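Observations on chain architecture
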Amino acid sequence: MNFIRMILDIMIMPVCLICEREVSYGICCDKCFFDLNKDFNDFDRTRSLGVAKAISVFVYSDRTKKLIENFKYSGFKRVGKFFAQLMAYRIENNKLFKKDAIIVPIPTSKARIRERGFDHTDFLASELSKLTNLKYKKLIFCKSYKISQTKVKDRWENSKNKFIGIDVPEYKNYQIILIDDVITTGSTMISAIKVLNELGYNDIVCLSVAMKF
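Below or above, wherever it landed, is the structure these notes cover. Given the structure is predicted, the values throughout are model-derived calculations rather than measurements. (Residues numbered from 1 in each chain as written. Predicted model: local features only at pLDDT ≥ 70, side-chain atom pairs only at ≥ 80, totals over all residues. Heavy atoms only, no water.)

Observations concerning the nonpolar core
Across soluble globular proteins, you tend to see nonpolar side chains buried next to one another. Ranked by internal contacts, the top residues of the largest apolar core, which has 39 residues, are Phe58, Phe83 and Leu207. The set of elements that each furnish at least two residues to this core consists of α2 (30-36), β2 (52-59), α3 (62-72), α4 (77-92), β3 (101-105), α6 (120-132), β7 (175-183) and β8 (204-211). No other element matches α4, which puts seven residues into this core. Phenylalanine 83 has contacts with Phe58, Leu67, Ile68, Phe71, Leu124 and Val209, leaving out every residue within four places of it along the chain. One finds Ile102, Phe163, Val195 and Cys206 within the second-largest nonpolar core, a separate group that totals 23 residues. (Core = buried A, V, L, I, M, F, W, Y, C linked by side-chain atoms within 4.5 Å. Buried < 20%, exposed > 50% of the residue type's maximum accessible area, 1.4 Å probe, protein only. Helix = DSSP H or I, 4+ residues; strand = E, 2+ residues; numbered from the N terminus. Contact = heavy atoms within 4.5 Å.)

Written as structure tokens, this is what we have:
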């Protein structure tokens, strides 16, 4: 099924990925694209994740959820490219982000990559690096794979000691831009921030496609 969807992604989107009406081009119909504007997060709306700040392209909604799911679980990479373009615009137009920065994806477990057929955060980070000309480096990795997180209390528990980081001394003078698709409780980002802080990376900003406030 994912293979068929990926072929369709290369050719043409047959339906709106939000409302499932037929479309002749693009990732969604004109009405849903107009409604999607309602979900844009204003430039100055950030969320504190301990010592780091987080900003997103969208506020998390049913519309943004459907687009993210089609990208993340169904392999519609055209949606990922759309997200990356909007994230690049955030970086270029928000004072939180510095010119000397490194884009770092939140890691996806090997089991999830096998299950989905690709690494969605790595894809976002790679596309973002191309669009912004910023360095791109994997500095954190998953220790192990755990079952899908469905409850808030499980998210916090599963995120503990989830990551390991690598020490690259020449990168510690750069700002780290942590990339993820969605920030909900913030537990995953906080866990990653902690690992990076312990290694001496102290200037960190989080950027996601969508975020709950």
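Points about the packing of α3 against α4
For the pair α3 and α4, interaxial distance at closest approach is 7 Å and the crossing angle is 125°. The orientation of α3 with respect to α4, classified from their angle, is oblique. In the packing of α3 onto α4, the handedness of the crossing is left-handed. Residues Leu67, Ile68 and Phe71 of α3 form the contact with α4, whose participating residues are Lys77, Val79, Gly80 and Phe83. Of the residues in the contact of α3 with α4, the class split is five nonpolar, one polar and one charged. (Axes fitted to C-alpha atoms, helices over the stretch in contact; angles between N-to-C directions. Parallel < 35°, antiparallel > 145°, perpendicular 65-115°, else oblique. Left-handed = near helix turned anticlockwise from the far one by under 90°. Nonpolar A, V, L, I, M, F, W, Y, C, P; charged D, E, K, R; others polar.)

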